[in-house]
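Structural features, examined
What follows is each chain in one-letter form.
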Amino acid sequence: MVGRLETRMQIPLVDLQAQYRSIKDEALQGISEALEGMHLFLGPNVTAFEDEFARYCGADHCVGVGSGTDALYLALRACGIGPGDEVVTVAHTFFATAASVALAGAVPVYVDVDPETLILDPTCLEAAITPRTRAIVPVHLYGQMVDMDPIMEIARRHHLIVIEDACQAHGAEDRGRRAGSIGDVAAFSFYMSKNLGAYGEAGAVTTNSPEIAARVRQLRDHGSARKYEHSEIGLNSRLDELQATILRVKLRQLDRWNAQRREHAREYGRLLEGLDIQVPSERSGARHVYHLYVIRVNERDRVRDALAERGVATGIHYPIPVHLQPGAPRTGRAAGSLATTELNAGRILSIPLYPELTAEQGIYVAGAVKAVVAELTPVSRGATR
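Residues numbered from 1 in each chain as written. Predicted model: local features only at pLDDT ≥ 70, side-chain atom pairs only at ≥ 80, totals over all residues. Heavy atoms only, no water.

Attention now moves to the nonpolar core. Of all hydrophobic cores here, the largest spans 83 residues; its most connected members are Phe49, Phe53, Phe190, Tyr268, Leu272, Tyr293 and Val369. One finds Ile81, Val87, Ala135 and Val185 within the second-largest nonpolar core, a separate group that totals 27 residues. (Core = buried A, V, L, I, M, F, W, Y, C linked by side-chain atoms within 4.5 Å. Buried < 20%, exposed > 50% of the residue type's maximum accessible area, 1.4 Å probe, protein only.)

So, in structure tokens, the structure goes:
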């Protein structure tokens, strides 16, 4: 049993209040101006944010929508993905990735992840492609992009569409190219805790295709290109003007915030070196923006409980692989079929990392991890790699 230590600090997994305090005046001014104008339906802030975020990503077009889930679904729909189609993706992701495929009427086909980075392993793709495969959805997980060059090469050779799930990768790069600019289309989430987060639900689709962008704009507005004329069944998924206002304020800080995240990650790597854990791995050619800092540790649940006793909040992203979820689309993937995904689902642990984390807080978190791991896993040294 781990001995109890008097808690000196309480460290949340995410501190949205600290971030809000840093932009409060600018955010409130933007909201006030939007309310004074009362153009709240696809207003000037939505238009401006779409232009600004497209430029930030290096894409030609951005379409603001209601959530990251909507962004994925609308991207699939805009590319013509539907019943009878197969979409290759990973099971180590948030449930919405596969759910969006199923909502479009298609079938997700899961491949395993790279054991070092826990993102899609391109060497697994060829074996998963069948005559029914229409698209690949690489998930840029935890803030790190998948190696896109081999994915694009495979996709072009097999005439497949590539839809980047960039919901956790705002500002992440692959060989100098930002997430949202490489595939045929990309989906972003602006959920409140993301590197670029709204104060509610919001999302966006980016693409270099004017045809895909136009289709998403139509689908997000009940399938209507002109008022009261509906060409198809769509959604009510328009980016809210007030959320766009907040996103414009935050976008101006995103590069600075991402740089702070990377600095905190480097410091964690230094402080946690030599422990019986596995820290995040940044692949060659990538620029990780650390939406989450995910370590891998034996006795994960006991470590998590012991950290909570010391005031350190943690998360698990994600404890149940999608193919093993009770509500997941049935795809023939049984337990044991994705070895790396399933092994690591029981070992991953997210520890606090956000731009506003202080040096003192980071040292405290690392010290708590060091103490807990030393007490709980002395007999399993060398077994984590």
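Let's shift gears to the packing of aromatic side chains. Given two aromatic rings, one states the distance between the centres and the angle between the planes to describe the pair. Taken as a whole and assessed by the stated rule, the structure comprises nine aromatic pairs. For the ring pair phenylalanine 53 and tyrosine 56, a centre distance of 6.3 Å and an interplane angle of 15° mean the geometry is stacked. Taken together, the residues phenylalanine 53 and tyrosine 56, both in helix H2 (residues 44–57) and three residues apart, mark about one turn of the helix. Residue classification places phenylalanine 53 among the buried residues on the basis of a relative accessible area of 0%. Take tyrosine 56: its relative accessible area is 11%, and that puts it in the buried class. Ring geometry for phenylalanine 53 and phenylalanine 188: centres 4.9 Å apart, planes at 85°, overall edge-to-face. Highlighted residues: phenylalanine 53 in helix H2 and phenylalanine 188 in strand S8 (residues 185–189), separated in sequence by 135 residues. For the pair phenylalanine 53 and phenylalanine 188, one class covers both residues: buried. (Phe/Tyr/Trp six-rings, centres within 6.5 Å; stacked < 30°, edge-to-face > 60°. Helix = DSSP H or I, 4+ residues; strand = E, 2+ residues; numbered from the N terminus.)

Moving on, we come to the sheet that holds strand S13 (residues 286–287). Pairing within the open sheet is antiparallel, and its three strands lie in the order S7-S6-S13. The open sheet terminates on both sides in strands that have one partner only, identified here as strand S7 (177–178) and S13. Both strand S6 (residues 173–174) and S13 contribute to a ladder of two bridges, which runs antiparallel. Within S13, the position partnered with glutamate 173 by the bridge is arginine 287. (Pairing = 2+ DSSP bridges.)

Let us look at empty space enclosed by the protein. Tallied over the full model, the rule gives two cavities of 30 Å³ or more. Reported here for the largest cavity is a volume of approximately 110 Å³. Lining of the largest cavity is provided by Glu116, Thr117, Leu118, Leu141, Tyr142, Gln144, Pro280, Ser281, His288, Leu292, Val294 and Arg296. Lining the second largest cavity are Val14, Asp15, Leu16, Gln19, Met192, Ser193, Lys194, Arg261, Tyr354, Pro355 and Glu356. In terms of residue class, the lining of the second largest cavity is built from five nonpolar, two polar and four charged. (1 Å grid on protein atoms, 1.4 Å probe; cavity = no way out; pocket = protein on both sides within 12 Å on 5 of 7 lines; lining within 4 Å. Points joined across faces, edges and corners; volume = space filled by probe spheres on them. Nonpolar A, V, L, I, M, F, W, Y, C, P; charged D, E, K, R; others polar.)

What follows covers the layout of surface pockets. When its volume is computed, the largest pocket comes out at roughly 520 Å³. In terms of lining, the largest pocket is formed by 31 residues, of which the most central are Phe94, Gln168, Tyr191, Lys194 and Tyr318. Counting only elements with at least two residues in the lining of the largest pocket, the list comes to helix H3 (68–78) and helix H4 (96–103). By residue number, the principal contributor to the lining of the largest pocket is H3, which donates three residues. Taken together, the residues of the lining of the largest pocket sort by class into 16 nonpolar, 11 polar and four charged. Together, Phe41, Asp221, His222, Ser224, Ala225, Arg226, Lys227, Tyr228, His230 and Arg238 line the second largest pocket. Broken down by element, the lining of the second largest pocket gets its largest block of residues, three residues, from strand S10 (residues 224–226).

Attention now goes to the environment of aspartate 255. Looking at where aspartate 255 falls in the secondary structure, it is placed in helix H9 (residues 254–271). A sequence separation of 83 residues divides aspartate 255 from alanine 172, and the C-alpha atoms of the two residues are 9.9 Å apart. Ignoring any residue separated from it by four or fewer positions in sequence, one finds aspartate 255 in contact with Tyr56 and Arg178. (Contact = heavy atoms within 4.5 Å.)

Here we come to helix H1 (residues 16–37). The end-to-end C-alpha distance of H1 is 28 Å, clearly below the 32 Å that 22 residues give at a rise of 1.5 Å each. At isoleucine 23, H1 shows its strongest bend, of approximately 70°. Within H1, the full set of buried residues consists of Ala18, Gln19, Ile23, Ala27, Gly30 and Ala34. For H1, the N-terminal cap is aspartate 15; the gap from its side-chain oxygen to the backbone nitrogen of glutamine 17 is 3.4 Å. A positive phi of about 55° marks methionine 38, the residue just after H1. (Expected span 1.5 Å × (residues − 1). Bend = angle between axes of the 7 residues up to and from the residue. Polar contact = N/O pair within 3.5 Å; in protein donor to acceptor, adjacent residues only side chain to side chain.)

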